[in-house]
Amino acid sequence: MTRKQKRLAIIGGGVSFIVAAVLLVMFAFSQAVAYFYVPGDLAKAHLAPGTRIRLGGLVEAGSVKRGDGMTVSFSVTDTLDRVPVTYTGILPDLFREGQGVVAEGAFVAGSPVFVADTVLAKHDETYMPKDVADRLKAQGVSLGGKENIQ
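Trainee: So what's going on with the environment of V76? Which residues, and what values?
Mentor: With respect to the element layout, V76 can be found in strand β4 (residues 71–77). The class of V76 is buried, set by a relative accessible area of 0%. Note: C-alpha distance between V76 and G98 (22 residues apart in sequence) is 9.4 Å. If we ignore the near neighbours within four places in the chain, the residues touching V76 are P39, L55, G56, G57, L58, D81, R82, V83, V85 and V101.

Trainee: Kindly report on the pattern of salt bridges, identifying the contributing residues and their values.
Mentor: Taken as a whole and assessed by the stated rule, the structure comprises four salt bridges. Note that D117 and R52 form a salt bridge whose closest N and O atoms lie 2.8 Å from each other. Here D117, found in strand β7 (residues 114–121), pairs with R52, found in the loop between α2 (39–42) and β2 (53–59); they are 65 residues apart in sequence, far enough to count as distant. With a relative accessible area of 37%, R52 lands in the partly exposed category. When salt bridges that share partners are traced, they join R52, R54, E104 and D117 into one network.

Trainee: Talk me through unusual backbone geometry; I want residue IDs and the actual numbers.
Mentor: Phi at T79 is positive, roughly 75°, even though this residue is not glycine. Tracing the backbone through its elements, the reader meets T79 in the loop between β4 and β5 (82–88).

Trainee: Can you explain the pairing of β7? Please cite residues and give values.
Mentor: Across three bridges, the pairing between β5 and β7 is parallel. Looking at the pairing, V85 lines up with F114 of β7. Examined bridge by bridge, strand β6 (residues 100–107) and β7 share seven bridges and lie antiparallel to one another. For F107, the partnering residue across the bridge sits in β7 and is F114. The turn linking β6 back onto β7 is made up of six residues, and G110 within it adopts a positive phi angle of 75°.

Conventions we followed
Residues numbered from 1 in each chain as written. Predicted model: local features only at pLDDT ≥ 70, side-chain atom pairs only at ≥ 80, totals over all residues. Heavy atoms only, no water. Helix = DSSP H or I, 4+ residues; strand = E, 2+ residues; numbered from the N terminus. Buried < 20%, exposed > 50% of the residue type's maximum accessible area, 1.4 Å probe, protein only. Contact = heavy atoms within 4.5 Å. Salt bridge = Lys/Arg side-chain N within 4 Å of Asp/Glu carboxyl O. Pairing = 2+ DSSP bridges.

Listed below in structure tokens is the structure:
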């Protein structure tokens, strides 16, 4: 092998290694992504049971029910549609009806119930996740004069 051929082989090997690393990282990220939906989007999305997603919207008034132990059921709404959610665990202190919430989990097979393993609530008077706020605004929901949405 000439010096030029050795150099080309080293450069080709390096490029191959970088391409393989990028493909592996992209594959890992595609497996870990949890997509964001509001209740109105779920009718259009054809999700397989067990698909991990994030569900965002407002906690529907009058829907919070405490079950056995630490199990809580409530509904997430975008004022057009609603999705029943169950969660077992300690809810954030600021979780309450009419407030913005993001629940992460999956739907139970053969049931419209969303089983959340993580529930996030707003952390002060002006915060709501930007995705939730944008989708609620697009559907004509008034956010109570909260223009400082971050």
